[in-house]
Amino acid sequence: MPTAPAAADTTSEPARLGLGTAAVGRPGYITLGRDADLPADRTVEALRERTHTLLDAAYAAGVRYLDTARSYGRAEEFLAQWLDEHPEAAAEVTVGSKWGYTYTAGWRADGVDAHEVKEHSTAVFDRQVRETRALLGDRLDVYLVHSVVPGSPALTDPALHERLAALAAEGVRVGLSTSGPAQGETIREALAVTVAGRPLFTAVQSTWNPLETSAAPALAEAHAADWLVVVKEGMANGRLAGRNATGPDTAPLRALAARTGTTPDALALAAAAAQPWADIVLSGAATLDQLASNLTAADTHLTRQDLAALDTMAEPAEAYWRTRSQLPWA
């Protein structure tokens, strides 16, 4: 299997771009404007085709990190099928998935009490790692505990730690994704977890964007510990896409886009890629046009003055996550 990229030093080039599949593996998600992005008839076949089309384009453009999860509907299945059909790509890409949420929406976008249910137990790990392995086999490179918060069993359960350590011994990079206003606290708790005297976790996927920057100090610590650092939600679930970046909170982004002739989405992702601790920044594109625009971030170079201007957009973490919790599934 490909080796997951090691954390880069502060003199390295900006982070590489990856492709996430959260927005196209299931009919419902919380990206703003998604109603206009997907086929009106969101059948399994329609979203399988959309996922494969995006994977084709991303791979052709040089993207080599692909992200999915057990709870992204059938995204893990769609990715596995694409890898089966593209053995040359399978030999080159790094595949990351996540366990800990169970998809419960039954392929519906609305009228659902819970789209996914979180449980970080040994029983769920045992079931979901079997399911992931059944689809991805030895093409699984990175396996993350999904949406860890302080106090999660993922940080405290010795039996679970032993299972995760056994997976790491097979060559899979074990880590966690974070969410909520205490991302930094979660990362620091994870940095302290050891099994047999050795650090257990070596990868983290966290939300960072110009509106939510609170995890940056802890992510720098993870980088210094040689963790793989992946940035998710770099466009704040669509809040920083051009069609939605219309309010006073995004004025600095719009002003910079107008001055540089760059799109807001590319600027947001470029800002994440410019962070010295970031290894991979995920695009969550649902259309080819979105993907093409997102990928221009790789050639968008921001000055210190540009980054300072975007720094003024940061919201208190509690306010950011409160807003995110109110985004509709559509």
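Presented here is a report on the structure given in the accompanying data block. Every chain is numbered independently, its residues counted from 1 as its sequence is written. pLDDT decides what is reported in this predicted model: residues at 70 or higher carry local features, side-chain atom pairs at 80 or more are listed and counted, and totals for whole chains, interfaces and linings draw on all residues regardless. Think of the side-chain values as coming from all heavy atoms in the structure, minus any hydrogens and water.

This part covers the packing of aromatic side chains. Any pair of aromatic rings gets described here by the distance separating the centres and the angle formed by the planes. Paired rings are identified among Phe, Tyr and Trp, the last through its six-membered ring, by centres lying within 6.5 Å, and are further divided according to the angle between planes into stacked (under 30 degrees), edge-to-face (over 60) and tilted (the rest). Within the structure shown, the criterion is met by six aromatic pairs. Considering the side-chain rings of Tyr-59 and Trp-82, the 6.1 Å spacing of their centres and the 65° angle between planes classify their relative orientation as edge-to-face. With Tyr-59 in helix α1 (residues 44-60) and Trp-82 in helix α2 (residues 75-85), this pair connects stretches of sequence that are 23 residues apart. Comparing Tyr-59 with Trp-82 shows no difference in burial state: the two are buried. Ring geometry for Trp-208 and Trp-277: centres 6.1 Å apart, planes at 70°, overall edge-to-face. You can see Trp-208 sitting in the loop between β10 (203-207) and α8 (216-224) and its partner Trp-277 sitting in the loop between α10 (264-273) and β12 (280-283), a full 69 residues away along the chain. Following the ring pairs from residue to residue traces out a cluster consisting of Trp-99, Phe-125 and Tyr-143. Each helix is a run of DSSP H or I of at least 4 residues and each strand a run of E of at least 2, with the numbering of both proceeding from the N terminus. Exposure categories follow from relative accessible area, calculated using a 1.4 Å probe and restricted to protein chains: below 20% of the type maximum is buried, above 50% is exposed, and the middle band is partly exposed.

Another point: the pairing of strand β11 (residues 228-232). By the criterion of burial, β11 is predominantly enclosed, with five of the five residues buried. Where burial is concerned, the two faces of β11 agree: the one with Leu-228, Val-230 and Lys-232 and the one with Val-229 and Val-231 are both buried. Sheet topology places β10 next to β11; five bridges connect them, and they run parallel. Directly across from Ala-203, in β11, lies its bridge partner Leu-228. Note: β11 against β12, two bridges, orientation parallel. If you follow Val-230 over to β12, its bridge partner there is Ile-280. Two strands pair under a simple rule: DSSP has to find at least two bridges between them.

Moving on to the pattern of salt bridges. One side-chain nitrogen of Lys or Arg within 4 Å of one carboxyl oxygen of Asp or Glu is enough to make a salt bridge. Within this structure, the stated rule accounts for 19 salt bridges. Here Glu-116 and Arg-26 are joined by a salt bridge, their closest N and O atoms 3.2 Å apart. Here Arg-26 lies in the loop between β1 (16-20) and α1 and Glu-116 lies in strand β5 (residues 116-118), a separation of 90 residues in the sequence. A salt bridge links Glu-76 to Arg-70, with the nearest nitrogen and oxygen atoms 2.4 Å apart. For Glu-76, a relative accessible area of 1% gives the class buried. Via salt bridges that share partners, Glu-45, Arg-48, Arg-74 and Glu-77 belong to a single interconnected network.

As a further point, take α8. Burial in α8 covers these residues: Ala-216, Ala-218, Leu-219, Ala-222 and His-223. Across the axial projection of α8, the buried residues extend over an arc of 160°, all falling on one side. Buried residues along α8 sit in contact with α7 (183-191), β10 and β11. Following α8 by one or two positions, Asp-226 adopts a phi angle in the positive range, close to 70°. What the arc measures is the spread of directions leading from the helix axis to the C-beta atoms. Whether two residues are in contact is decided by their heavy atoms: any pair within 4.5 Å suffices.

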